[in-house]
Amino acid sequence: MFHDADALLLARFQFAFTISFHFIFPAFSIGLASYLAVLEALWLKTGKALYLDLYKYWLKIFAITFAMGVVSGIVMSYQFGTNWAVFSDRAGPVVGPLMAYEVLTAFFLEAGFLGVMLFGMQKVGKRLHFFATLMVAIGTFISAFWIISVNSWMQTPTGYAINGDGQFVPAAGWLPIIFNPSFPYRLVHTVIAAYLTTALAVGAAGAWHLLKNADHAHARKMFSMAMWMAALVAPVQVFVGDLHGLNTLEHQPAKVMAMEGHYQSHPHGAPLILFGIPKDGEQRMEHVIEVPKLSSLILKHDADAPLAGLDSIKPENRPPVKVVFWSFRVMVGLGLLMLLLGVCSLVARAAKKLYDWRWLHRFALVMGPSGFIAVVAGWVTTEVGRQPFTVYGLMRTAESASPLAAPAVATSLIVFVIVYFAVFGMGTWYLFRLMAKAPQPHESDPPNAPAHAAGITPAPAMQSGTNNAVKGPETTHG
Amino acid sequence: MDDSVVLTNVWAAILAFAVFMYVVMDGFDLGIGILFPIFGVGRERDTAMNSIAPVWDGNETWLVLGGGGLMAAFPLAYGIVMSALYAPIIAMLLALVFRGVAFEFRWRDPAHRPIWDFAFTAGSITAALAQGITLGALLQGIEVEGRHYAGGWWDWLTPFSLLTGFSVLSAYSLLGACWLNWKTDGETQKHARRLMRIWAPVTLGCILAVSAYTPFMGDQYWDRWFSMPRVLITAQVPLIICFLTWRFVRSLRRDYELAPFVLTLAVFGLSFAGLGISMYPYLIPNSITLADAAAPASSQAFMLVGASILVPLILAYTAWSYWVFRGKVAHEGYH
C-alpha cells in the first residue's frame, strides 16, 4: 500500500496543484483591478461613457475572477497546517506574522470595498465609488507584497535565529526578514507579470471583437490600451527577469544550474543550452543545441568566466533539472513572443494600421492565454528549482510535511482535482462567455445587486452615459 | 506577569474575537445557504441571496484571519490541530469553494441555476457541519506526541463531534432566519419567522445537550465549571442565557425585526465565553497550553502593533460597507 514517501509526494502534488490553480486568478485580478481603476479615473476625468462601459464590462469579469481567487485562496491559508504542519510549527513564527499582515492589510481591504465596487454604483457618490475601486486595486497589490515576501524569505532566508524547539524566530527586527535578498526582484517580476497577463487577456478580447467588427469603438479602445501596456511593459519585464536571474545566481546557484541544464561545471566559459533532453538519472544533457560561452556572457558578463555545474552540489541537494529546464524555457519563450507582439503593435500604430492589420489581431488573440501559462511556468521554475528545501538550505521538504496517512492525502488530492476542474472549469467558461460578448453602450451592472425595497435610496450617482453616449468610433491614441 | 504571558493572552483574546466575528458574520451567511432550498425558486431565493452578496467575502475573511492568526501566534497548535482534523478541514475548504462561487455563477448561467443553488446549499451545510465537528473534536481532545499529531485520520468522528456539528448547523440556520427577518419584508419575512420558531428551540436544545455533555468528558471540565469559587462566576453564564432566551421569545411574539438577531448573537456570545471557560489555559485540551504553543514574543509583538491599528480600521470600513447596503432588500435583482 502507501508509505511515508507516497504521503509526502501526494502532499507536494496537492500543494502544487492547488497553488498553481489559485495563482491564475490573482495574476488576473491584480492587473484587472488596476485596469478598472484606470478606466474609472478616465471616465471621471473625461466624462466619456465609453470608459464607463468598459469599466462595467470588465467589472463583471473581475467579479467572477475575484470570487474564484478568494475561495481557492482560503484553501491555501489552511493547507499550510493541514499538510505542512512541521513547516508551520517551525517557520510559523517568521512567516506567520507576514501572512497575518496580508490578511489585516489586504484581504479585509479588498473584501470591505468589493461590495461597494460591485454593487454600490447607485448607492454612493462617484468619487466614493472610485475610492472603493482604488482600495480594491491597492489591496491586491498589498496582498502580493506580503505573500511574495513570505515566499522570498523561504527562498533566501535572512534575519532569523533558531530557538530550542527548532523554530525559526526573528533574530533582530523584521526588516531583514521582510526585505530579504530576493524579495524586491521577485515582487517586481511578479506584479509586472500580472499586469502583462491582464494586458494580453484584455488585448485578446479586444482583438476578437475587432476581427468581427474592426469599427467597434469599445473593442478599439481596449485593444489599443492593452497593446500600449504590452509594448511598454514586456521589455521592462525582460530586463527585470534578467536581474532576478542574476539575484538567483547569487543566492540559489543550484536553481540557475537546473534552469541552464548545466550538470557539469565549465571552468572556461559555459555554453547557453537552447534545447536538450535533461537526463537526471545520468546527470547529463542529450541532443544538445547550444551556443558556446553565451551562458557565461549572460550570467557573468564575461565569455570565459568559469561557471559551476550541478556536479559541484551534493547529490542530495540537487533540484530536478527535467522540470526546471523546460518550465524556464516555456516562460522565456512566451516572454519573447510577448515582446514581439508589443513591437508589432508599435509598428502598426506608427503605420496607423493598429485596427486594420488582421494578422496582428490574430496574433494578439493567440497570445491571450500566454500570460497565464508564463506565470505558472515561472512559478514552477522557482519552486521546483529550490527543491529539495522549503526553507532554502535549512529545512528540507521531506521533513516539513504533516504526519498524515497516505490514503488521507490521496483522497483529498483526488477530490481537489475533481472539484477544481469542475468548478473553475465552469467559471472559466463563464468568463469566456462574458468576453465573447462585445462591450455595449450602456453596459449593465453586475446582476446580483441587492436593490432596496423602499425608503432609503440615496441619489443615484451614475445615470450612466445618457447625456454623453458613445459618439461613433473613438479616435485612436497615437 | 511578564510581557510574553500578557502578549500570549492578548493574542488568545484577539483570535477568540476573530473566531467570534466569523460566527457573527458568516453564521447568518451560511445559515441562508442552509435554508436556501426551503425558499421558493425565483424571487424569494434571489432576495435571500442578494441580501448577502455584497458582504459574504468580507465575512469569510474573518475565517482567514482565524487560521492565519493561529499560524502566526500559536504555530504549534495550528500545525497539530489542522493535521488532526484533516478530513473536516479539507471538507470545509471545498464546501466554501462551492458556496463562494455560487454567488456569481448562479447569475451567469440561468440554465444551470438549480445546480449552483444546490452547490450553495450543500456547501453551506457541509461547511457548518465541518466547523461544528472541528469544535467538538477539539473539545474532546487530540492525541499529541512531542510536537506532532499522533492519532489517526478518523479520530475526529465521535457521537460528541457529530452533536456539535449538528449544533452549529442549527445555530447558523437560526441566525440566517433572524437575518432575513431583519432584512426582508412581505412573504419572505413571514417565511423567515416560521423558520425562527423551528430553529430556536432546536438550537437551545443543542446548547443544553453540549453543555450537559462537556463536564462529563473529563475532570478538568468539571473543575473549571463547578469548583468553588469559580462556580459563582461560571454560573452566571447559564443564568444570563435563560434571561436572553426569555427576551428572545418575547421579541418573537411581538414581531420585532432586529431584536431576535441581536439576542441570538448574544446567546452565542455567551456560549462562546462558556467554551473559553472550558478550554483556558489550554489550546488543545490537556496537552498544549497557550504558553506551550505561543510564538516568541517578538513575533506576537510585531503583529500586535498592526492588529491594534488595523482591526479597529477594519471594523470601521466593514461597518460602512454594511451601512451602504442598509435597509430592506427588494425583490428585483437589479435595476
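See the structure above.
The text that follows walks through the structure, step by step, so that each part is easy to find. Small disclaimer: the values here were computed from a predicted structure and weren't measured. Sequence order as written defines the numbering, with residues in each chain counted from 1. Written order determines the labels here, with chains lettered from A and ligands numbered from 1. Residue-level local features of this predicted model are given only where pLDDT is at least 70; pairs of side-chain atoms are given and counted only at 80 or more, and the full residue set underlies all totals for whole chains, interfaces and linings. Values shown for side chains rest on all heavy atoms present in the structure; no hydrogens or waters enter the calculation.

### What to know about the pattern of salt bridges
Side-chain pairs of opposite charge can arise where the charged atoms are in close proximity. Residue and element names in this part refer to chain B. Throughout this description, the term salt bridge denotes a Lys or Arg side-chain nitrogen within 4 Å of a carboxyl oxygen of Asp or Glu. Per the counting criterion, the structure on display carries 17 salt bridges over all chains. In this structure, the salt-bridge partner of R99 is D26, at a minimum N-O distance of 3.9 Å. Of this pair, R99 sits in helix α5 (residues 86-108) while D26 sits in helix α1 (residues 3-35), placing them 73 residues apart in sequence. The pair formed by R99 and D26 is uniform in burial state, with each residue classed as buried. A salt bridge links E187 to K190, with the nearest nitrogen and oxygen atoms 3.7 Å apart. Separated by three residues within a single helix, E187 and K190 lie in helix α8 (residues 186-213), roughly one turn from each other. A residue is classified by how much of its surface remains accessible, and E187, at 54% relative accessible area, is exposed. Think of it in three bands: residues with accessible area under 20% of the maximum for their type are buried, residues over 50% are exposed, and the middle band is partly exposed, with areas taken using a 1.4 Å probe on protein chains only. What makes K190 partly exposed here is its relative accessible area of 48%. By the criteria applied, helices consist of DSSP H or I runs no shorter than four residues and strands consist of E runs no shorter than two, each listed in order from the N terminus.

### Some points on the interface of chain A and chain B
Every contact between the two is made by 84 residues of chain A and, on the other side, 72 residues of chain B. Buried area counts how much accessible surface, traced with a 1.4 Å probe, disappears from two parts once they are put together, with both parts' losses summed. When chain A packs against chain B, the two sides together hide about 7000 Å² of surface, and 74% of this comes from carbon and sulfur. Taken as a group, Y78, L104 and F108 of chain A account for 11% of the area that chain A buries against chain B, more than any other trio of residues on that side. Linking chain A with chain B are two salt bridges, by the criterion used here. Note that R147 of chain B and D89 of chain A form a salt bridge whose closest N and O atoms lie 2.8 Å from each other. In the analysis that follows, any N or O atom pair within 3.5 Å is treated as a polar contact, provided that within protein one partner can donate a hydrogen and the other can accept it, and provided that, for residues neighboring in sequence, both atoms belong to side chains. Across the contact surface, chain A and chain B share 17 residue pairs in polar contact (both at pLDDT 80 or more). Of all the secondary structure elements, the ones that give two or more residues to the side of chain A that touches chain B are α2 (49-83), α3 (85-119), β2 (168-170) and α13 (406-436) of chain A. Classifying every residue of the side of chain A that touches chain B gives 59 nonpolar, 20 polar and five charged. Any two residues whose heavy atoms approach within 4.5 Å at even a single point are treated as in contact. Here the nonpolar group is Ala, Val, Leu, Ile, Met, Phe, Trp, Tyr, Cys and Pro; Asp, Glu, Lys and Arg are the charged ones; every other residue, Gly included, is treated as polar.

### Section: the pairing of strand β3 (residues 272-279) of chain A
All names here are of chain A. Two elements, β3 and strand β4 (residues 284-291), share six bridges in a ladder whose sense is antiparallel. Bridge assignment links I277 to a residue of β4, and that residue is E286. Joining the antiparallel neighbours β3 and β4 is a turn of four residues, in which Q283 adopts a positive phi near 55 degrees. Any two strands between which DSSP finds at least two bridges are classified as paired.

### Description of the side chain of Q155 of chain A
All names here are of chain A. As for its position among the elements, Q155 is in helix α4 (residues 126-155). Polar side-chain contacts of Q155 include one of 3.0 Å to the side chain of E383. When neighbours within four sequence positions are excluded, Q155 is seen to be in contact with S182, R186, Q252, K255, T382, E383, R386 and Y392.

### Description of the packing of aromatic side chains
Residue and element names in this part refer to chain A. Pairing of aromatic side chains here covers Phe, Tyr and the six-membered ring of Trp, requires ring centres within 6.5 Å, and sorts the geometry by plane angle: under 30 degrees stacked, over 60 edge-to-face, intermediate tilted. In the structure shown here, the tally under the stated rule is 55 aromatic pairs over all chains. Pairing Y57 with W58 gives two aromatic rings, centres 5.3 Å apart and planes at 90 degrees, and the pair type is edge-to-face. You'll find Y57 and W58 in the same group, each marked buried. Here a set of aromatic residues connected by ring pairs shows up, and it is made of F17, F21, F25, F416, Y420, F421 and F424.

### Things to note about the state of the cysteines
Residue and element names in this part refer to chain B. Any two cysteine sulfur atoms within 2.5 Å of one another count as a disulfide. Taken as a whole and assessed by the stated rule, the structure comprises zero disulfides over all chains. The closest cysteine sulfur to the non-disulfide-bonded C178 is located on C206, 15 Å from its own sulfur. Here C178 falls in the buried class, since its relative accessible area comes to 0%.

### Some thoughts on unusual backbone geometry
Backbone phi values are negative for most residues with the exception of glycine, while trans is the configuration of most peptide bonds. The omega angle of the peptide bond from Q387 of chain A to P388 of chain A is 5 degrees, so this bond is cis rather than trans. Along the chain, the position of P388 of chain A falls in the loop between α12 (370-385) and β5 (389-391). Cis geometry marks the peptide bond from Y280 of chain B to P281 of chain B; its omega dihedral reads 0 degrees. Residue position: P281 of chain B is located in the loop between α12 (259-279) and β3 (282-284). Phi at H442 of chain A is positive, roughly 60 degrees, even though this residue is not glycine. Locating H442 of chain A in the fold gives a position in the segment after α13.

### Looking at the environment of Y57 of chain A
Residue and element names in this part refer to chain A. Here Y57 lies in helix α2. Distance in space between the C-alpha atoms of Y57 and P388 is 45 Å, their sequence separation being 331 residues. Discounting chain neighbours no more than four positions away, the residues touching Y57 are H209, M222, L434, M435, K437, A438, P439 and E443. Engagement of the side chain of Y57 in a polar contact is seen with the backbone oxygen of K437, the distance being 2.8 Å.

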